[in-house]
Amino acid sequence: MPGTGTSSLPIDLFTPDFHQRPHAALAELRQTAPALAVVTPNGLRTWLVTRYEDARTLLADPRLSKDMRVGKNLIPRNFADPVKQAEFLKEAGEHSQFAHELSVHMLDSDPPDHTRLRKLVGKAFTARRVESLRPRITELTDELLDAMARHEKTDLMKALAFPVPFTVICWLLGVPPDDRAEFRRWSNLLVSGAGTEEVRDASASMIAYLRALIEAKRAEPDDDMLTDLVHASDNGDQLAQAELISMAFLLLVAGHETTVNLIGNGTLALLSHPHVREQLAADESLWPAAVEEFLRYDGPVTNATWRFTTEPVQVGSVVIPEGEFVTISLGAAGRDPQRYEEPDRLDITRSNTAGLAFGHGIHHCLGAPLARLEGQIVIGRLFERFPGLRLAVEPGELRWRSSLMMRGLEELPVHMS
């Protein structure tokens, strides 16, 4: 492993077993070193940062770039295994024709490009638009809860946690109801890690569909956020076609994947902590703080998106060399005892629940208010409607997705009463 001040960890750090029980392992890593060189399942070397203050500092450090036009050139030199390197590069080459149109967005850019893109997108993603969705989200949630009430047992991920955020994103993008089933199929493939050919076909279909949808909004403006993005202007500057497609794709993935997991993880936290459910039942004003605690305790994003160093960066006693990838563990930062008292305890009355679940600095998630709103409405209405909700399996039977970025359940079987 490259670097100064630390030894490498086993290549199998991010195993399925790790994803099932990450918090104990991350607690040990926090004590080992402020940054450790690790290897991802596809063989790419990266530096894992686990302490809250280090994570917060690096999320806003301009020496860590997110410009993947440059970062992709660093990938070949950061592989530990030549065989896995060849496999990765082959797969990346097969996706290259679609990579540009799906990655020209603010999450993969630095200033001044990021500043320009965020300013334009911010004109469409307003607090007024988010708040205007409250009645529709509440109505949709109640309809889904009605459907759940017809069954004694259901998978909450499929019945509630997924359909609410996905439908809301379809509203924002103006995807017609008749197109949503196919739109959902492409979306699932693109985030599932399915085979190369399936993902390639889904990418091509998604790009073609978004291109046509954008042209439709340009010709006939509608009351949705995609229309606002198409027509957003700042002193004559507008988003280009590739930027619009990429931004719509980012909204689709970031806008529903994270909230799906917030709802699932938050529900599981309450199912595992009856006394907290009693607190919320007694005082509904605690719901905003409860959602913040869910985000800290078992947030929907376990690691921040890729960054790489543009010069050597010192993290405590460790120097990360230039040209290295850095993975900031939001899950580990949320359980750091240097930041939170009794971090493994779910406590919705904490005075410092605000954390890093939505990032920090210029890349702080623009959709955080919408995710919080959906979390409060959906989880709140769920337990109001089904106060006797309980797990339909033993906790140890639940399976977590094997993902480097997302922290989410595969299924959440529950009994209604």
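This text goes with the structure placed above it.
A quick note: this is a predicted structure, and the numbers were derived from the prediction, not measured. Each residue is numbered by its place in its chain's sequence as written, counting from 1. A pLDDT threshold of at least 70 governs which residues receive local features in this predicted model, and a stricter bar of 80 or more applies before side-chain atom pairs are shown or counted, although totals over entire chains, interfaces and linings include all residues. The side-chain numbers reported here are obtained from all heavy atoms of the structure, hydrogens and water having been left aside.

J.: Can you explain the side chain of His273? Please cite residues and give values.
T.: Strands are runs of DSSP state E lasting at least two residues, helices are runs of H or I lasting at least four, and both sets are numbered from the N terminus onward. In this structure, His273 sits in the loop between helix H14 (241–271) and helix H15 (274–282). Accessible area is worked out with a 1.4 Å probe on protein chains only. A residue is then buried under 20% of its type maximum, exposed over 50%, and partly exposed in between. Judged by relative accessible area, which is 15%, His273 ranks as buried. Here a polar contact is recorded for every N or O atom pair within 3.5 Å, except that within protein the pair must consist of a potential hydrogen donor and a potential acceptor, and residues adjacent in sequence are included only if both atoms are side-chain atoms. Only 2.7 Å separates the side chain of His273 from the backbone oxygen of Ala269, close enough to count as a polar contact. Setting aside anything within four residues of it in sequence, one finds His273 in contact with Tyr297 and Leu346. Contacts were defined at the residue level, with two residues in contact if any of their heavy atoms lie within 4.5 Å.

J.: Mind laying out the pairing of strand E2 (residues 45–49), listing which residues take part and the relevant values?
T.: With 5 of 5 residues buried, E2 lies mostly within the body of the structure. Where burial is concerned, the two faces of E2 agree: the one with Arg45, Trp47 and Val49 and the one with Thr46 and Leu48 are both buried. Between any two strands, at least two bridges found by DSSP are needed for them to pair. Sheet topology places strand E1 (residues 35–39) next to E2; 5 bridges connect them, and they run antiparallel. Considered in E2, the bridge of Val39 is made with Arg45. Taking the residues that link successive antiparallel strands as the turn, the E1-E2 hairpin has 5 residues, and the phi of Gly43 there is positive, at about 95°. The pairing of E2 with strand E8 (residues 325–328) spans 3 bridges and is classified as parallel. By the bridge assignment, Leu48 is partnered in E8 with Thr327.

J.: Now, about the sheet that holds E1: what can you tell me, with residues and values included?
T.: Read across the sheet, 5 strands follow the order E1-E2-E8-E5-E3 without closing on themselves; strand pairing throughout is mixed. The outermost strands of the open sheet, each flanked by one partner alone, are E1 and strand E3 (64–65).

J.: Tell me what's going on with helix H6 (residues 113–122), and back it up with residues and numbers.
T.: Taken together, the buried positions of H6 are His114, Leu117, Leu120 and Val121. The buried residues of H6 occupy one face: seen down the axis, they fall within an arc of 140°. If you follow the buried residues of H6, they end up packed against helix H13 (225–231) and H14. Along the arc lie the directions from the helix axis toward the C-beta atoms.

J.: Report on the sheet that holds strand E4 (residues 153–155), specifying residues and quantitative values.
T.: The strand order E4-E10-E9 describes an open sheet built from 3 strands, whose pairing is antiparallel. On the outer flanks of this sheet lie E4 and strand E9 (390–391), each paired with one strand and no other. In the sheet, E4 pairs with strand E10 (residues 413–415) via 3 bridges, with the strands oriented antiparallel. Pairing of Asp155 across the sheet is with Pro413, part of E10.

J.: Which residues make up the nonpolar core, and what are the values?
T.: As a rule of thumb, soluble globular proteins bury nonpolar side chains together. Of all hydrophobic cores here, the largest spans 91 residues; its most connected members are Phe183 and Phe294. In this view, Phe294 contacts Leu262, Gly266, Ala269, Leu270, Trp287, Gly299, Leu346 and Ile379; residues no more than four positions away in its chain are not counted. Grouping buried Ala, Val, Leu, Ile, Met, Phe, Trp, Tyr and Cys residues that are joined through side-chain atoms within 4.5 Å yields what is termed a nonpolar core. One finds Ala37, Val315, Ala333 and Tyr340 within the second-largest nonpolar core, a separate group that totals 22 residues.

J.: An account of the packing of H14 against helix H16 (residues 287–298) is requested, with residue identities and associated values reported.
T.: The interhelical angle for the contact between H14 and H16, taken along N-to-C directions, is 100°, at an axis separation of 9 Å. By the angle between their axes, H14 is roughly perpendicular relative to H16. Contacts between H14 and H16 involve Leu262, Asn265, Gly266, Ala269 and Leu270 on the former and, on the latter, Trp287, Val291, Phe294, Leu295, Tyr297 and Asp298. A fitted line through C-alpha atoms serves as each axis, taken over the contacting stretch for helices, and the angle formed by two N-to-C directions is quoted from 0 to 180°. These descriptions rest on fixed angle ranges, namely under 35 degrees for roughly parallel, over 145 for roughly antiparallel, 65 to 115 for roughly perpendicular, and the rest for oblique.

J.: Could you give me a rundown of unusual backbone geometry, with the residues and numbers involved?
T.: The omega torsion across Pro111 and Pro112 is 5°, close enough to zero to call that bond cis. Following the sequence through the fold, Pro112 ends up in the loop between helix H5 (82–99) and H6. Of note in the backbone geometry, Glu342 takes a positive phi value of approximately 45° without being a glycine. For Glu342, the location among the structural elements is in the loop between helix H17 (330–333) and helix H18 (368–385).

J.: Could you give me a rundown of the packing of aromatic side chains, with the residues and numbers involved?
T.: Each pair of aromatic rings taken from Phe, Tyr and Trp, with Trp reduced to its six-membered ring, is defined by centres within 6.5 Å and is described as stacked if the planes are under 30 degrees apart, edge-to-face if over 60, and tilted in the remaining cases. The full count for this structure, using the stated rule, is 8 aromatic pairs. Between Phe166 and Phe183 the ring centres are 6.2 Å apart and the planes differ by 45°, which places this aromatic pair in the tilted class. In this pair, Phe166 sits in helix H10 (residues 163–173) while Phe183 sits in helix H11 (residues 180–192), placing the two residues 17 residues apart along the sequence. Per residue, the accessibility class of Phe166 equals that of Phe183, and both read buried. Of the aromatic side chains, those joined through ring pairs into one cluster are Phe162, Phe166, Phe183, Trp186 and Tyr209. When the ring centre of Tyr340 is taken as reference, the NZ or CZ atom of Arg296 above it lies at 5.2 Å. Look at NZ for Lys and CZ for Arg. If either is within 6 Å of the ring centre and within 35 degrees of the ring normal, a charge sits over the ring.

J.: Summarise H16; cite the residues concerned and give the values.
T.: Residues spaced three or four apart along an α-helix point in a common direction, a consequence of the helix completing one turn every 3.6 residues. Compared with the 16 Å implied by 1.5 Å per residue over 12 residues, the 16 Å span of H16 between its first and last C-alpha is a close match. Of all 12 residues in H16, 10 are buried; the element is thus mostly enclosed. Here H16 has its buried residues at Trp287, Ala290, Val291, Glu292, Glu293, Phe294, Leu295, Arg296, Tyr297 and Asp298. Of the surrounding secondary structure, the elements contacted by the buried residues of H16 are helix H2 (22–32), H14, H15 and H18. Any helix carries an expected span of 1.5 Å times its number of residues minus one.

J.: Describe the environment of Ser329, and please don't skip the residues or the numbers.
T.: Assignment of secondary structure puts Ser329 in the loop between E8 and H17. A residue is classified by how much of its surface remains accessible, and Ser329, at 1% relative accessible area, is buried. Once the C-alpha coordinates of Ser329 and Pro288 are considered, the two residues, 41 residues apart in sequence, prove to be 24 Å apart. The contacts of Ser329, once residues within four sequence positions are left out, are Leu26, Leu48, Val49, Thr50, Thr302 and Asn303.

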